[in-house]
Amino acid sequence: VMIESIDFFTIEVEQVDWQGSQAVIQGIRQKVFVDEQGVPQALAVDEQDPTAQHWIAYNQAGQPVGVARLANHQIGRMAVLKSFRDKGVGSAILRRILKLAADTGLDHLQLNAQLHAVPFYAGVGFEVCGTQFEEAGIPHLPMRLNMQRFRAARPSLEPVDIDPSARVRIRLDSADGFREHALLLAGGAQREIRIFSARLDPAVYDNGEFHECLFDFATAHASAKIYLLARDVQWLVQHSHRLLALYARLPSRVEIRALSPRTHTLHSDFMVIDREAILYNQSTDRHIGYAQLYAPRIAAELARDFDNLWENGSPDPEFRDMRL
């Protein structure tokens, strides 16, 4: 069992076998596919189910709220109960499937996405690989994900001389907590800092101490780089965010890009330091999450996700006249 906290409740994702969990899986498929979408009862289960790998997501009360399966390279039967959609359930399940695929050396994953779900999968890296078709009367598009980049990003073995306290995940539930730990983590940076945030969260990053901390980092290390990725660029400019001043002040060390609102992602707000330390906010409108001083595997995954988003971003016209 792996636990991931997203939005306002804890999602527990468990990999299960068909024989022991058939009733739960079929129950959710019945509600989503048959009752809600009108899929024929006979198509809710098929001959691949007994040999496929299955996942069930549970809410904090232990109720099953979502399911999915992996049959060879094919992700399928992803279903989340209506009242639990847009809360990160599908994202949590998908991450578990991606991790298993990377760990077992699969070279690719594929799926047939209902049209409304195409942006969700595209945000993770899936690409449309065929023409539209109907399945059970519902339009779908085939999509494929190359797993090579996931394996290439896997970090080397962790050193054994790390203080155990640095591995502890520190739960945070306030802006003050996030601001304090952003300063702490950035103060230990040696190579690179990545920040992804819709408005470069002013409660956390727009203060004099953090600005000076980043300035000291960027000027003290010869190869230091700071990458800032935001969605609401106009807001940043209108409110004279301090990190924009840093961007103008250090043109060779700080880069900033705007991410299109059409680009979907599993994340809402995070900072990664040197592919080792993490500050992660799990909510879009509250400060709920964690900090971890040493988590290289997770940090490498987040850095990889950031870099993929970065490639989908672009220098915004709002920034053109800001360089000194």
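As a convention, each chain's residues are numbered from 1 in the sequence order in which they are written. Given that this is a predicted model, residues contribute local features only at a pLDDT of at least 70 and side-chain atom pairs are listed and counted only at 80 or more, while totals for whole chains, interfaces and linings are drawn from all residues. Excluded from the side-chain calculations are hydrogens and water; all other atoms, namely the structure's heavy atoms, are used.

I would appreciate a short explanation of the pattern of salt bridges in the present structure.
Oppositely charged side chains are able to pair whenever their charged atoms sit close together. One side-chain nitrogen of Lys or Arg within 4 Å of one carboxyl oxygen of Asp or Glu is enough to make a salt bridge. A full pass over the atoms with the stated rule returns 15 salt bridges. A salt bridge links arginine 85 to glutamate 36; the nearest nitrogen and oxygen atoms lie 2.7 Å apart. Note that arginine 85 is positioned in the loop between β5 (74-80) and α2 (89-104) and glutamate 36 in helix α1 (residues 18-36), a separation of 49 residues in sequence. We classify arginine 85 as partly exposed; its relative accessible area is 28%. A run of DSSP states H or I qualifies as a helix once it reaches four residues; a run of E qualifies as a strand once it reaches two. Both are numbered from the N-terminal end. Burial classes: relative accessible area under 20% of the type maximum marks a residue as buried, over 50% as exposed, and values in between as partly exposed (1.4 Å probe, protein chains only).

Whenever I open this one, the sheet that holds strand β12 (residues 225-230) confuses me. Can you help?
In this description, strands pair whenever DSSP reports at least two bridges between them. In space, the seven strands of this open sheet follow the order β10-β16-β15-β14-β11-β12-β13, with mixed pairing throughout. In this open sheet, the two edge strands, each paired with only one partner strand, are β10 (170-172) and β13 (254-258). The average undirected angle you get between the axes of adjacent strands in this sheet is 10°. Sheet topology note: the β12/β13 ladder contains five bridges and is parallel. Counted as the bridge partner of isoleucine 226 is valine 254 from β13. Lines fitted to C-alpha atoms define the axes, with helix axes restricted to the stretch in contact, and inter-axis angles between N-to-C directions lie between 0 and 180 degrees.

Can you walk me through the environment of isoleucine 256 in this structure?
Relative to the helices and strands, isoleucine 256 is located in strand β13. Sequence spacing of isoleucine 256 and serine 21 is 235 residues, and the spatial spacing of their C-alpha atoms is 47 Å.

Please explain the nonpolar core as it appears in this structure.
Put simply, buried Ala, Val, Leu, Ile, Met, Phe, Trp, Tyr and Cys residues joined by side-chain atoms within 4.5 Å make one nonpolar core. Membership of the largest hydrophobic core comes to 47 residues, with the highest contact counts inside it found for Ile93, Leu109, Tyr121 and Phe126. If one sorts the elements of this core by residue count, α2 sits on top with nine residues. The contact definition used throughout considers only heavy atoms, calling two residues in contact when any of these lie within 4.5 Å. Here tyrosine 121 is in contact with Met78, Leu94, Leu111, Ala113, Phe126 and Met143, once residues within four sequence places are set aside. Listed in part, the 35 residues of the second largest apolar core include Ala182, Ala186, Leu236 and Leu244.

Looking at this structure, I do not really get the packing of helix α5 (residues 175-187) against helix α7 (residues 208-220). What am I missing?
The relative placement of two packed helices comes down to the angle between their axes together with the axis-to-axis distance. The geometry of α5 relative to α7 is characterised by a closest axis approach of 10 Å and an angle of 10° between their N-to-C directions. For the element pair α5 / α7, the angle class is roughly parallel. Side by side, α5 and α7 meet where Ala182, Leu183, Ala186 and Gly187 of the first sit next to Glu209, Phe210, Cys213 and Leu214 of the second. The scheme is simple: roughly parallel for angles under 35 degrees, roughly antiparallel for over 145, roughly perpendicular for 65 to 115, oblique for anything else.

Help me understand the side chain of serine 91 in this model?
Looking at where serine 91 falls in the secondary structure, it is placed in helix α2. Classification of serine 91 as buried rests on a relative accessible area of 10%. Leave out the neighbours within four places in its chain, and serine 91 touches Phe120 and Leu266.

How should I be thinking about the confidence of the model for the protein chain in this particular structure?
Detail in the predicted coordinates should be disregarded across regions flagged by low pLDDT. As a per-residue quantity, pLDDT reports the predictor's confidence and falls between 0 and 100. Averaged over all residues, the pLDDT of the protein chain equals 86, while 90% of them reach at least 70. Low pLDDT (under 50) marks residues 1-9, which in the prediction has 40 contacts with non-local residues, meaning those over four places away or in another chain.

Is there a simple way to think about the packing of aromatic side chains in this case?
Aromatic ring pairs are described here by two measures, namely the spacing of the ring centres and the angle between the planes. Stacked, tilted and edge-to-face are the three classes applied to pairs of Phe, Tyr and Trp rings, where Trp contributes its six-membered ring and a pair requires centres within 6.5 Å; stacked means planes under 30 degrees apart, edge-to-face means over 60, and tilted covers the rest. Applying the stated criterion across every chain, the model contains nine aromatic pairs. When the ring of tyrosine 121 is compared with that of phenylalanine 126, the centres are 5.8 Å apart and the planes differ by 75°; the resulting orientation is edge-to-face. With relative accessibility at 2%, the residue phenylalanine 126 sits in the buried group. Ring geometry for tyrosine 227 and tryptophan 310: centres 5.3 Å apart, planes at 80°, overall edge-to-face. Placement of tyrosine 227 in strand β12 and of tryptophan 310 in helix α10 (residues 296-312) is noted, with a sequence separation of 83 residues between them. Note on tyrosine 227: relative accessible area 18%, which makes it buried. These aromatic residues form a ring-pair network of at least three members: Phe196, Tyr227, Phe270, Tyr280, Tyr290, Phe306 and Trp310. Lysine NZ or arginine CZ positioned within 6 Å of the ring centre and within 35 degrees of the ring normal marks a charge as sitting over the ring. The side chain of arginine 169 reaches across the aromatic face of tyrosine 290, ending 3.8 Å from its centre.

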